Each structure stands twice: as structure tokens, then as C-alpha cells.
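As a plain string of letters, each chain reads:
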Amino acid sequence: MSYYVVRYRNNETAVMAGLGRNRGTWDTAHTRRTAQRHARTLRLQDPASTYKVETL
């Protein structure tokens, strides 16, 4: 199963691409643990947004 980091901000939804070893690509799929780690990092960098790990 693939997991994705989803950003919620001001009624907008976005799937985050290019995280970790996928940097510079449009690849968005991760394992659950990797997606949780990226979501945590993004939450610390951008506290105005909500980041969640979801399957699509």
C-alpha cells in the first residue's frame, strides 16, 4: 500500500511531491513510516498548514 503526504491549507488540498530521495521528481508514494517522517518535518517548517498521511 502506498501512503501520501497531503497538505490542507485555506480550503486547498495538495499532495506533496518530491520529498526525500524523490526530490526533483513528481513521485509521491511512500511507505507509511516514511510519509509520517516527511509530514512531521513539513509540520515543523510550516505550522500554518495541516499535513496528514493518507492513502489515495
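Up top you'll find the structure we're talking about.
Heads up: these notes are all about the structure in this document.

## A short note on the nonpolar core
Within the largest apolar cluster, 8 residues are counted, these being Tyr3, Val5, Met16, Leu19, Ala35, Ala39, Leu42 and Tyr51. The greatest single-element share of this core, amounting to 3 residues, is contributed by helix H1 (residues 32-45). Once you skip the residues sitting within four places of it in the chain, Leu19 turns out to touch Val5, His30, His38 and Leu42.

## Observations concerning the side chain of Ser49
With respect to the element layout, Ser49 can be found in the loop between H1 and strand E3 (50-54). Of the polar contacts made by the side chain of Ser49, one reaches the side chain of Asp46; its length is 2.8 Å. Not counting chain neighbours up to four residues away, the residues in contact with Ser49 comprise Arg7, Tyr8 and Arg9.

The rules we used
- Residues numbered from 1 in each chain as written.
- Predicted model: local features only at pLDDT ≥ 70, side-chain atom pairs only at ≥ 80, totals over all residues.
- Heavy atoms only, no water.
- Core = buried A, V, L, I, M, F, W, Y, C linked by side-chain atoms within 4.5 Å.
- Buried < 20%, exposed > 50% of the residue type's maximum accessible area, 1.4 Å probe, protein only.
- Helix = DSSP H or I, 4+ residues; strand = E, 2+ residues; numbered from the N terminus.
- Contact = heavy atoms within 4.5 Å.
- Polar contact = N/O pair within 3.5 Å; in protein donor to acceptor, adjacent residues only side chain to side chain.

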